[in-house]
Amino acid sequence: MSYRIGLVGKPSVGKSTFFNAATMNDVPEGAYPFTTIDPTVGEAYVRVDCAAPEFDETCTPSVGVCSEGTRFVPVKLVDVAGLVPGAHEGRGLGNQFLTDLNETDVLIHVVDFSGKTDIEGEATEGHDPREDIDFLEEELDAWYLDVLEKGLEKFETRYHGADAAIERELAEQMSAFGTDKDRMKRTILAQGLELDPETWDETDKVELAREIRKRTKPMVIAANKMDTPEAQANWEEITTDPEYDHLSFVPASAHAEKALKNADDAGVVDYTPGDDAFEVVGNVSGEQKAGLDQIGEFVDEYDGTGVQGALEAAVFDVLGCIAVFPGSANGSKDEKGVFRDCFILPEGSTTEDFAFHIHSDIGEGLLHGTDCRSGRQVGTDRELSHRDVIELVSTNQAAP
C-alpha cells in the first residue's frame, strides 16, 4: 500500500507543473482555470537512507531505485481537479474535488507565493498568498462542518438516555475521513467540550469541525515560485505570522525542479532529485548557462527546489510515518535479493503491524521479530523506529 498525497490549490499556481516535476508525467499545464479536469494519479518518491551499506551490501530494490545510498520509495501523488471558492457548495468542480480529496492521506497545498494570481487563478499583481491559504482551509472546514451537523441531526433523532454516545454517531457519520469513535472522543475532549452536544454552541461546532479536519487532513504548504523576489518577501512575512503556526511550509520552485530533471534526462546536468546542488556535464549555450546558474543559486539558498522536500515533509514530518526494511537472519538477504523492500508505515507501528502490512498470513502466524542490527529478539508489540531492519519469524511462512 502506498500513501496517497493530494496535490491541491487554486488554478494557475503551478500545481500541474509541480505534479509533473515530482512524477515526470505528461500532464497538461496552462495558465488558465481547470487545466486539470480529472484527478491524475502518478508515482512520486520519498527519500530514505538505505540500510544496505550498514550491512556491507548493495541493495536490489523491487520497486523504486537506490542512488548512492539514498533509497527512493514510491508514494502516490494525486493531482486533484482545480479548486475555487464555494467548492463545498458545489461551485466549479467542487463536489468532485472533495470526493477525490477524501481519498488522500495528506495534502500539499501549492500556493503562488509571488502573488501574481488572484483568488480565481487569474493574472494579477500584489495578491496576498494568505488569502489562498485561508480559502482552502475555510472550504475544507465548511465541508467538515456540513458532515458534522448531519451527524448531530441523526444523533438528536436516534439516541436518547444512557445508550447515547455522540462520539460513536459522529465517528460513523465522518468515517470517510478516517476517524473512529476513540479518536473522535479524544478530539471532542481536547476541545474542552462535554460529550453532550446540547451544551455546544455554534462556535463550538465550527471549531470542532476545524480540529477534526486538521487531524484527518493534515497539510503542507508548498510555497511555489520562490525563485522570485516577490515570493521571497511574502515568505518572510507569512511564515512568521502566528496565525499559520499550525502549518508546515516548504519553499519551492516546481519550474526549477522540472528544468533540472529535463536537463538530467538530456545529459546536460548530473542531478539527483532533492539535492541542493547539481553539476553541468554537457554542452550548454550562454542562455542555458545563465538559466542553470540562476537555478543553482536557488537550490543552494533553499537546500533544493522544494518539490522533493514537500513530499517528504508531508509523509515524514506531518504524517509522522516511518520507513522499515524487512531483514533476514543475517540482516539483509532473502532468496529473491538483497534489501529488496522498504515499507512506509504509520507512526507508532509495531512488529505485528509490520507483519500484517506485508501479508495477513505472516501477521496471523507471527511469533516475534528480530532487530537485524543488534540481533536481539523483539516482541510483537514493540513499537518500531524509522529505518529499523526487522526479521519477522512466523509459523505460516518465511517472512521476507
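Preceding this section is the structure that the text describes.
This text gives an overview of the structure that appears in the document. (Residues numbered from 1 in each chain as written. Predicted model: local features only at pLDDT ≥ 70, side-chain atom pairs only at ≥ 80, totals over all residues. Heavy atoms only, no water.)

So, the pairing of strand β16 (residues 388-394)
Remember that side chains alternate between the two faces of the sheet whenever the strand is regular.
Part 1: The element β16 is extensively covered by neighbouring structure, given that six of its seven residues are classed as buried.
Part 2: As judged from the five bridges shared by strand β14 (residues 366-371) and β16, these two strands associate in the antiparallel manner. Pairing of Thr370 across the sheet is with Glu391, part of β16. (Buried < 20%, exposed > 50% of the residue type's maximum accessible area, 1.4 Å probe, protein only. Helix = DSSP H or I, 4+ residues; strand = E, 2+ residues; numbered from the N terminus. Pairing = 2+ DSSP bridges.)

Looking at the state of the cysteines
Part 1: Enumeration according to the criterion identifies zero disulfides in this entry.
Part 2: Counting only cysteine sulfurs, Cys50 is the nearest neighbor of Cys342, a cysteine outside any disulfide, at a range of 7.7 Å.
Part 3: Assessed through its relative accessible area of 11%, Cys342 is described here as buried. (Disulfide = S-S within 2.5 Å.)

Regarding the nonpolar core
Part 1: Judged by nonpolar contacts, the single largest core of 52 residues is most densely connected at Phe113 and Phe249.
Part 2: With 10 residues, the single largest contributor to this core is helix α3 (residues 129-158).
Part 3: Not counting residues up to four positions away in its chain, the partners in contact with Phe249 are Phe113, Ile133, Ile221, Trp235, Ile238, Thr239 and Tyr244.
Part 4: Counting 42 residues, the second largest nonpolar core, distinct from the first, contains Ala22, Cys59, Ala313 and Val338. (Core = buried A, V, L, I, M, F, W, Y, C linked by side-chain atoms within 4.5 Å. Contact = heavy atoms within 4.5 Å.)

A closer look at the packing of α3 against helix α7 (residues 229-238)
Part 1: Viewed as axis vectors pointing N to C, α3 and α7 meet at an angle of 55 degrees, and their least axial separation amounts to 10 Å. Here α3 lies oblique to α7, going by the angle between them. Between α3 and α7, the residues in contact are Pro129, Arg130 and Ile133 and Asn234, Glu237 and Ile238, respectively.
Part 2: Its residues assigned to classes, the contact of α3 with α7 shows three nonpolar, one polar and two charged. (Axes fitted to C-alpha atoms, helices over the stretch in contact; angles between N-to-C directions. Parallel < 35°, antiparallel > 145°, perpendicular 65-115°, else oblique. Nonpolar A, V, L, I, M, F, W, Y, C, P; charged D, E, K, R; others polar.)

A closer look at helix α5 (residues 181-190)
Part 1: Buried within α5 we find Met184, Thr187 and Ile188. Buried residues of α5, seen end-on, are gathered within an arc of 100 degrees and therefore sit on one face of the element.
Part 2: One or two positions beyond α5, positive phi appears at Gly192, with a value near 75 degrees. (Arc of directions from axis to C-beta.)

Let's talk about the side chain of Gln308
Part 1: Along the polypeptide, Gln308 turns up in helix α10 (residues 307-318).
Part 2: We classify Gln308 as buried; its relative accessible area is 5%.
Part 3: Those residues within four positions of Gln308 in sequence are excluded, and the remaining contacts are Tyr45, Val46, Arg47, Pro273 and Gly274.

Some thoughts on the sheet that holds β14
Part 1: The strand order β13-β10-β16-β14-β15 describes an open sheet built from five strands, whose pairing is mixed. Two strands bound the open sheet, and with one partner strand each, they are β13 (343-345) and β15 (377-378).

Considerations on the packing of α5 against helix α6 (residues 202-216)
Part 1: At a minimum axis separation of 10 Å, α5 and α6 run at an interaxial angle of 130 degrees. Between α5 and α6, the interaxial angle falls into the category oblique. Where α5 crosses over α6, the two elements pack in a sense that is right-handed. Between α5 and α6, the residues in contact are Met184, Arg186, Thr187, Ile188 and Ala190 and Leu208, Glu211, Ile212 and Arg215, respectively.
Part 2: Here the residues of the contact of α5 with α6 sort into five nonpolar, one polar and three charged. (Left-handed = near helix turned anticlockwise from the far one by under 90°.)

Shape descriptors only; they carry no functional weight alone.
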